[in-house]
Amino acid sequence: MSSLAILVINGQDFSGLVARNGITVTYEQRQSKEVITLDGTAHVSWIEKASLAITMHEMPYERVNALNSALIGRYVQVKYQDPKSGIVTKTFYVMDKNFGVKVVEAGRTYYDGISFTLKER
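Here is a short report on the structure shown in this document. (Residues numbered from 1 in each chain as written. Predicted model: local features only at pLDDT ≥ 70, side-chain atom pairs only at ≥ 80, totals over all residues. Heavy atoms only, no water.)

Attention shifts here to the overall build of the protein chain. When its secondary structure is counted, the protein chain shows one helix and eight strands. Going from the N terminus to the C terminus, the protein chain shows its helices and strands as β-β-β-β-β-α-β-β-β. The C-alpha extent of the protein chain, read off along each of the three principal axes, is 75 × 30 × 20 Å. Buried residues in the protein chain amount to 31% of all 121 residues. Of the contacts formed within the protein chain by residues at least 6 apart in sequence, a portion of 60% connects residues at least 24 apart. Surface exposure of the protein chain reaches about 7,600 Å², of which carbon and sulfur atoms provide 49%. The average position of the 14 basic charges and that of the 12 acidic charges among the side chains of the protein chain differ by 5 Å. (Helix = DSSP H or I, 4+ residues; strand = E, 2+ residues; numbered from the N terminus. Buried < 20%, exposed > 50% of the residue type's maximum accessible area, 1.4 Å probe, protein only. Contact = heavy atoms within 4.5 Å. Areas by Shrake-Rupley, 256 points an atom, 1.4 Å probe, with all protein chains shown as cover. Lys, Arg positive; Asp, Glu negative; His and termini not counted. Charge placed at Lys NZ, Arg CZ, Asp CG, Glu CD.)

The next point concerns the nonpolar core. Counting residues in each nonpolar core, the largest one holds 25 residues, and the members touching the most others are Ile 9 and Met 56. Secondary structure elements with two or more residues in this core: β1 (7-9), β3 (18-36), β4 (42-56), α1 (61-70), β6 (76-82), β7 (86-105) and β8 (108-120). Excluding residues that lie within four positions of it along the chain, Ile 9 makes contacts with Phe 14, Leu 67, Ala 70, Leu 71, Val 76, Gln 77, Val 78 and Phe 116. (Core = buried A, V, L, I, M, F, W, Y, C linked by side-chain atoms within 4.5 Å.)

Attention shifts here to α1. All buried positions along α1 are accounted for by Val 64, Ala 66, Leu 67 and Ala 70. Seen along its axis, α1 keeps its buried residues to an arc of 160 degrees; they face one direction. (Arc of directions from axis to C-beta.)

Attention now goes to the packing of aromatic side chains. Counted by the stated rule, this structure contains three aromatic pairs. Look at Tyr 61 and Tyr 111: their rings are 6.5 Å apart centre to centre, the planes differ by 40 degrees, and that puts the pair in the tilted class. On the criterion of sequence distance, the pair formed by Tyr 61 in helix α1 and Tyr 111 in strand β8 is long-range, its members being 50 residues apart. Note on Tyr 61: relative accessible area 41%, which makes it partly exposed. With relative accessibility at 15%, the residue Tyr 111 sits in the buried group. Taking the centre distance of 5.7 Å and the plane angle of 75 degrees together, the rings of Tyr 80 and Phe 92 count as edge-to-face. Of this pair, Tyr 80 sits in strand β6 while Phe 92 is found in strand β7, placing the two residues 12 residues apart along the sequence. (Phe/Tyr/Trp six-rings, centres within 6.5 Å; stacked < 30°, edge-to-face > 60°.)

And the structure:
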């Protein structure tokens, strides 16, 4: 297994910018349904969808601008390493974007505390 996180958003590779332990994958159950058969047995089914909480390294304005551009739109295509399925590409909603200015050095702006959440469509 690769030690490098995989994060490709709308065809742009941001893998090298993901912070250590910067991708947390959780799962939620949607459209849960329970049916009880005549013998009294309960059968439960649902659709499991991924949610990604992502934290990035400090980066210059140019990379933040590219990341923000990749995250614009109703849906984004994201390639990542899912603990259950391996390397997959899925469609996600973008939520809770946070880009904090850290410092301006020699006329160049750097951002830190960059985080966002992706919820599978």
